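# Secondary and tertiary structure notes
Residue-level listing of the chains:
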Amino acid sequence: MRPHLSHARRFPPLAALTVALVLTAALIVLMAPRASAATLDPVPSFGADPGNLAMHEYVPDGLPTGAPLVVLLHGCAQSASDYHHHSGWAEQAEASGIALVYAEQNTSNNPTRCFNWFEPADVARDSGEARSIRSMVEYAIAEHGVDAERVYVSGLSAGGAMAAELLASYPDVFAGGSIVAGVPVGCATGMLDAFTCMNPGKNRTAEQWGDRVRAKIPEGAELPRVAVWHGTADTVVAPANGEASVAQWANAGGLSTTPDAIEELPGSTTASYYGGGSDDASLAHFSVVGLGHGTPVDPATGCGSEGAYFLDSVCSTGYTAQFWGIAGGVEPTDPPTEEPTPEPTEGPGEPPTEEPTDPPAGECVTANNYVHVDEGRAVHRAGFAYAVGSDDSLGLWTMAITTSLTETSPGHWEHTVDGC
């Protein structure tokens, strides 16, 4: 049993309510309905648990040995179930072959179920809540044979702040992470200090922020691949925190704070990459114009669902998995090929065989997204398929999703929602 909280760790009613309000955490996918029988299951015993956390896991059916693992951290007043059913990670796990672990906070630790990212004893390596989460990773590796070199962590708000702390404490455990509406590493050392960190944020230089990471990382460890997500209209955790997190990890990694590449994504999202382009950068900043406090999702196309602090905008889950390089955790296979049709022979007096022509305008074709791309009706971009001409989103580039496209004019294809 974890000792009772000290007076300093307890929250008076008003403060508890305030913390709940200000820390609550909160790609166009068109996912096909999942046939998997996998469920979100509690794990009663997972090893050392000095942080008194709960563990839940989601393991897709038939998950191969050596699959990636993603650890997910909810926001205040949320649960593992909330995050699983709204964030889009369940769909991504099924589509890409990823095991999921959810750490869940207990009210005995924090009345509003915030992870205690501002308590030094809970974020230090092998201490408190940080050690409990590491135990969950060790359990998943031993129990499900996931790849110890492809373990990632993502969280929202208080969970995002904790994810940042874990990346600095355990760069040898986590190959990458995603900080969604969170704060930089080492920003606060107590609950009251946390409020200043969140809004308006603390004013430090990139080097000063980088020092907070360098003070935590084990000697000789390589830095993880970090994605930072933040909305420009976040009034709970100020957008300046996203910029500070980018400056922090850029400085810690010896990178320029000027991006090497910039890409415009759906949902008024700008992706800035540091240390390379979108395929090989070690740091990415995803800034969503007009987004408030929450996880960006795209429920209309199957990427999560809208809810408290799950905001309809862009599929942050899909782009994060793509950035980490695990969106294709189960690579699509080549589509089955048909038996070749014998070439017709040209007898005396027979006209020469004509080459096949493009389908006439108005034709509707139903196929999986892999085939649409392969046959030129769609293009593959960042792990997703988009119709040629209209740029309509078809969802993940995979054989598991079947869509219909209509050629409304030569070379211009549009998604036919109701099918052919």
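The sections below set out a description of the structure shown in this document. Everything quoted here is computed from the prediction, not taken from an experiment.

What counts and how
Residues numbered from 1 in each chain as written. Predicted model: local features only at pLDDT ≥ 70, side-chain atom pairs only at ≥ 80, totals over all residues. Heavy atoms only, no water. Helix = DSSP H or I, 4+ residues; strand = E, 2+ residues; numbered from the N terminus. Buried < 20%, exposed > 50% of the residue type's maximum accessible area, 1.4 Å probe, protein only. Areas by Shrake-Rupley, 256 points an atom, 1.4 Å probe, with all protein chains shown as cover. Axes fitted to C-alpha atoms, helices over the stretch in contact; angles between N-to-C directions. Parallel < 35°, antiparallel > 145°, perpendicular 65-115°, else oblique. Left-handed = near helix turned anticlockwise from the far one by under 90°. Contact = heavy atoms within 4.5 Å. Nonpolar A, V, L, I, M, F, W, Y, C, P; charged D, E, K, R; others polar. Pairing = 2+ DSSP bridges. Polar contact = N/O pair within 3.5 Å; in protein donor to acceptor, adjacent residues only side chain to side chain. Core = buried A, V, L, I, M, F, W, Y, C linked by side-chain atoms within 4.5 Å. Phe/Tyr/Trp six-rings, centres within 6.5 Å; stacked < 30°, edge-to-face > 60°.

Attention now moves to the overall build of the chain. Along the backbone of the chain there are eleven helices and 18 strands. Expressed as a percentage of its 420 residues, the buried residues of the chain come to 51%. Summed over all atoms, the accessible surface of the chain reaches about 17700 Å², with 52% contributed by carbon and sulfur.

With that settled, consider the packing of helix H8 (residues 206–214) against helix H9 (residues 240–252). Packed helix pairs are specified by the crossing angle of their axes together with the interaxial distance, meaning the distance between the axes. The N-to-C vectors of H8 and H9 enclose an angle of 70°; their axes lie 7 Å apart at closest approach. Regarding the angle of H8 to H9, the classification is roughly perpendicular. Note that H8 runs across H9; the crossing there is right-handed. When H8 is examined against H9, the residues Ala206, Glu207, Trp209, Gly210, Arg212, Val213 and Arg214 are found in contact with a partner set consisting of Ala244, Ala247, Gln248, Trp249, Asn251 and Ala252. Its residues placed into classes, the contact of H8 with H9 shows seven nonpolar, three polar and three charged.

Another point: the side chain of histidine 230. Position of histidine 230 among the secondary structure elements: in strand E7 (residues 225–231). Setting aside its immediate chain neighbours within four residues, histidine 230 contacts Ala181, Gly182, Val237, Ala238, Pro239, Asn241, Gly242, Phe286, Ser287 and Val288.

Let us look at the sheet that holds strand E18 (residues 412–415). Here we have three strands laid out as an open sheet, ordered E13-E17-E18, and antiparallel in their pairing. In this open sheet, the two edge strands, each paired with only one partner strand, are strand E13 (364–368) and E18. On average, adjacent strands in this sheet sit at an angle of 35° to one another, irrespective of strand direction. As judged from the five bridges shared by E13 and strand E17 (residues 402–409), these two strands associate in the antiparallel manner. Bridged to asparagine 368 within E17 is threonine 402.

Moving on: helix H10 (residues 316–324). For H10, a buried count of eight out of nine residues is recorded, marking the element as mostly surrounded by other parts of the structure. Here H10 has its buried residues at Ser316, Thr317, Gly318, Tyr319, Thr320, Ala321, Phe323 and Trp324. At the exit of H10 stands glycine 325, carrying a positive phi of roughly 85°.

This next bit is on the side chain of arginine 377. Inspection of the secondary structure assignment puts arginine 377 in the loop between helix H11 (369–374) and strand E14 (378–381). Exposure remark for arginine 377: the relative accessible area of 8% places this residue in the buried category. Within polar-contact distance, the side chain of arginine 377 engages the side chain of glutamate 375 at 2.7 Å. When near neighbours in sequence (up to four residues on either side) are disregarded, arginine 377 contacts Val365, Ala367, Val371, His372, Ala387, Val388, Leu405 and Trp413.

This paragraph deals with the environment of isoleucine 98. Relative to the assigned elements, isoleucine 98 resides in the loop between helix H3 (89–96) and strand E4 (99–104). A relative accessible area of 0% means that isoleucine 98 is categorised as buried. As a C-alpha pair, isoleucine 98 and proline 60 span 38 residues in sequence and 7.3 Å in three-dimensional space. With residues up to four places along the chain from it excluded, the contact list for isoleucine 98 reads Tyr58, Pro60, Leu63, Pro68, Val70, Gln92, Ala93 and Ile326.

Spatial strand order, E1-E2-E4-E3-E5-E6-E7-E10-E9-E8: ten strands in an open sheet with mixed pairing. Looking at strand neighbours, the two that pair on one side only are strand E1 (41–43) and strand E8 (261–265), the edges of this open sheet. Each strand of the sheet is rotated relative to its neighbour by a mean of 20°, with strand direction disregarded. Bridge analysis of strand E5 (residues 151–156) against strand E6 (residues 176–180) gives five bridges, and the strand direction is parallel.

Counting residues in each nonpolar core, the largest one holds 59 residues, and the members touching the most others are Leu73, Trp117, Ile133, Leu166, Phe174 and Trp249. Among the elements that make up this core, the one with the highest residue count is helix H6 (residues 158–169) (eight residues). Contact partners of tryptophan 249, with chain neighbours within four places excluded, come to Ala164, Leu167, Ala168, Ile179, Val185, Val213, Leu223, Pro224, Val226 and Leu283. Counting residues in each nonpolar core, the second largest holds 36 residues, with Val70, Ala181, Leu291 and Ala321 among its members.

Turning our attention to the packing of aromatic side chains. Each aromatic ring pair is described using two quantities: the centre-to-centre distance and the angle formed by the ring planes. Counted under the stated rule, the structure contains eight aromatic pairs. On the numbers, 4.8 Å between centres and 20° between planes, the contact of tyrosine 152 with tryptophan 324 is stacked. With tyrosine 152 in strand E5 and tryptophan 324 in helix H10, the pair connects residues that are 172 residues apart, well separated along the chain. Residue classification places tyrosine 152 among the buried residues on the basis of a relative accessible area of 6%. Looking at tryptophan 324, the relative accessible area reads 5%, which means it is buried. Considering the side-chain rings of tyrosine 273 and phenylalanine 286, the 6.3 Å spacing of their centres and the 90° angle between planes classify their relative orientation as edge-to-face. Remark: phenylalanine 286 occurs in strand E10 (residues 283–288) and tyrosine 273 occurs in strand E9 (residues 269–274); sequence separation between them is 13 residues. The exposure class of phenylalanine 286 is buried, given its relative accessible area of 1%.

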